[in-house]
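# Residue-level structural notes
Each chain, written out:
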Amino acid sequence: MTATTTARLMDGTGPARRLLDETAARAAALTRRTGVAPCLATVLVGSDPASVTYVRMKQRRCAQAGIESRHVGLPAQTTTAELVAVLRELSQDPGVHGILLQHPAGPHIDERAAFEAIAPHKDVDGVTTHSFGAMAFGGPGFASCTPGGIMRLLDAYDVELAGKHAVVVGRSAILGKPVGMLLLARDATVTYCHSRTAGLSAHLRSADVVVAAVGRPRLIHGDDIAPGAVVVDAGYNAGNVGDVDFDSAVRRARLITPVPGGVGPMTIAVLLAQTVQAAEGQLAG
Ligand code: NAP
């Protein structure tokens, strides 16, 4: 019989709970000091069941952390111009400190135009070009929440990044691209892979750290993982399945995130922390 080792789990629920507790304490202190509670506006176009669930989950977590939420539900046939007008109005409303436009907004919406209508100081989901630029140049601004959560998770498990080879699979504006920039800022050597990448497995096998951000169930198999690598699976597909084949990857990796319970809880915790930070900035002075 051959001995098999299994990876240690990078559970996100513990670090997320600690960040939420810290955030709740900051929200309470701000409310005591200013008489105003931090407020997150959630904007949802249409009624896609998964999006409705995500928004509800965010509102529930807000309530638990002492953050008010204001929901704006718009009909599925809302135009880009109408959505932009709503986001501009929220951007100017002093009672709203953070704005979240639930993605995807719908195939007929120019989502980039909608995101850009969010004022950078209220862009707590880190989706505007301004936020991306600030993050890429290491300036002040809000990181996209899932990448920010991934970095906090890696830090919570003391994963060394300087000089390590990080392979990011996926290059979306909200996830793949920004997480690669944040890894680069921590002195990792970063390779981006995407749908046109040739020889994905060879790239993956040379990685010390793998970040899967694809949206294809079990695309990455244990054979693609170098023994002792760190595997972060941000993928979330139907049936609670990630982008990594957990059962085979867990035998190769040193550390691996579960799905669910890995990256997901960190994303919401970062959203709430950034909402309180935005409110602190807007209510200062
Ligand atoms: P997306 O916008 O659809 O981007 C997917 C990326 O994967 C694209 O860059 C695409 O390449 C690449 N890709 C597609 N097929 C590939 C293949 N066979 N090999 C290599 N790369 C491939 O998705 P996203 O919004 O970034 O989300 C990715 C996943 O993360 C989804 O499962 C989503 O549910 C999950 N997610 C989780 C959280 C969380 O909080 N846990 C938050 C956000 C997203 P091209 O650019 O060439 O098309």
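Residues numbered from 1 in each chain as written. Predicted model: local features only at pLDDT ≥ 70, side-chain atom pairs only at ≥ 80, totals over all residues. Heavy atoms only, no water.

To continue, consider the side chain of Lys58. Note on placement: Lys58 falls in helix H2 (residues 49–64). Although Lys58 is buried, it makes no salt bridge; Asp125 carries the closest opposite charge, 5.8 Å away. Setting aside anything within four residues of it in sequence, one finds Lys58 in contact with Leu100, Gln102, Ile268 and Leu271. (Helix = DSSP H or I, 4+ residues; strand = E, 2+ residues; numbered from the N terminus. Buried < 20%, exposed > 50% of the residue type's maximum accessible area, 1.4 Å probe, protein only. Lys, Arg positive; Asp, Glu negative; His and termini not counted. Salt bridge = Lys/Arg side-chain N within 4 Å of Asp/Glu carboxyl O. Contact = heavy atoms within 4.5 Å.)

This paragraph deals with the sheet that holds strand E4 (residues 98–101). In spatial order, the strands read E3-E2-E4; together these three strands make up an open sheet with parallel pairing. At either margin of the open sheet sits one strand with a lone partner, and together these are strand E3 (68–74) and E4. Within the sheet, the average angular offset between the axes of one strand and its neighbour, ignoring direction, is 20 degrees. In this sheet, E3 lies alongside strand E2 (residues 39–45) in parallel orientation, the contact comprising seven bridges. Of the residues in E3, the one forming a bridge with Ala41 is Arg70. (Pairing = 2+ DSSP bridges. Axes fitted to C-alpha atoms, helices over the stretch in contact; angles between N-to-C directions.)

Next up on the list: the domain arrangement of the protein chain. When the domains of the protein chain are assigned, the result is domain 1 (36–122) and domain 2 (145–263). Summarising the inter-unit geometry, the C-alpha centres of domain 1 and domain 2 are found 28 Å apart. (Domains from an automatic or database assignment.)

This part is about the environment of Thr34. Mapped onto the fold, Thr34 is located in helix H1 (residues 13–34). Here Thr34 falls in the partly exposed class, since its relative accessible area comes to 30%. With 249 residues separating them along the chain, Thr34 and Leu283 place their C-alpha atoms 7.3 Å apart. Here the side chain of Thr34 touches Leu30 through a polar contact of 2.7 Å, landing on its backbone oxygen. There is a polar contact of 3.1 Å between the side chain of Thr34 and the backbone nitrogen of Val36. (Polar contact = N/O pair within 3.5 Å; in protein donor to acceptor, adjacent residues only side chain to side chain.)

All right, on to unusual backbone geometry then. Cis geometry is found at the peptide bond from His103 to Pro104, where omega equals 0 degrees. Of note, Pro104 is situated in the loop between E4 and helix H4 (111–116). Omega for the bond connecting Val259 with Pro260 falls within 30 degrees of zero, at 0 degrees, which places this linkage in the cis form. Position of Pro260 relative to the elements: it lies in the loop between strand E9 (255–256) and helix H10 (263–283). Phi is positive for Asn240, which is not a glycine, with a value near 60 degrees. Within the secondary structure, Asn240 sits in the loop between strand E8 (230–233) and helix H9 (246–249). Under the relative-accessibility criterion, Asn240 is labelled partly exposed at 39%.

Our next topic: the layout of surface pockets. For the largest pocket, the calculated volume is near 1400 Å³. As for the largest pocket, its lining consists of 48 residues, and the residues nearest its centre are Tyr54, Thr146, Ala234, Tyr236 and Thr267. Residue assignment for the lining of the largest pocket shows that the elements contributing at least two residues are H1, H2, E4, H4, helix H6 (145–156) and H10. Grouping the amino acids of the lining of the largest pocket by side-chain chemistry returns 26 nonpolar, 14 polar and eight charged. Counting contributing residues per domain, the lining of the largest pocket is built from domain 1 (36–122) and domain 2 (145–263), each supplying no fewer than three. Size it by volume and the second largest pocket reaches roughly 330 Å³. Every element with two or more residues in the lining of the second largest pocket is listed here: H1, helix H5 (129–136), H6, helix H7 (176–185) and H10. Per-element tally for the lining of the second largest pocket: the top contributor is H10, with four residues. The residue makeup of the lining of the second largest pocket, split by class, is 10 nonpolar, four polar and four charged. (1 Å grid on protein atoms, 1.4 Å probe; cavity = no way out; pocket = protein on both sides within 12 Å on 5 of 7 lines; lining within 4 Å. Points joined across faces, edges and corners; volume = space filled by probe spheres on them. Nonpolar A, V, L, I, M, F, W, Y, C, P; charged D, E, K, R; others polar.)

This part takes up the site of the ligand. Lining the immediate environment of the ligand, one finds 21 residues, of which Arg171, Ser172, Ser195, Tyr236 and Thr267 sit closest. Here an oxygen atom of the ligand and a side-chain polar atom of Arg171 are 2.7 Å apart. In the environment of the ligand, an oxygen atom lies 2.8 Å from a nitrogen or oxygen atom belonging to the side chain of Thr267. The protein chains hide 70% of the 930 Å² of surface that the ligand would expose on its own. Top contributing element to the shell around the ligand by residue count: H10, with three residues. Tallied by class, residues from the shell around the ligand come to nine nonpolar, 10 polar and two charged. (Near = heavy atom within 4 Å. Areas by Shrake-Rupley, 256 points an atom, 1.4 Å probe, with all protein chains shown as cover.)

Before going further, it helps to examine helix H3 (residues 80–92). If you check H3, its first and last C-alpha atoms are 18 Å apart, about what 13 residues at 1.5 Å a residue would give, namely 18 Å. The set of residues buried in H3 consists of Leu83, Val84, Leu87, Leu90 and Ser91. Taken down its axis, H3 places every buried residue within 125 degrees of arc, on the same side. With respect to the buried face of H3, the exposed residues turned more than 90 degrees away are Ala81, Arg88, Glu89 and Gln92. On its buried face, H3 sits against E2, E3, E4 and H4. (Expected span 1.5 Å × (residues − 1). Arc of directions from axis to C-beta.)

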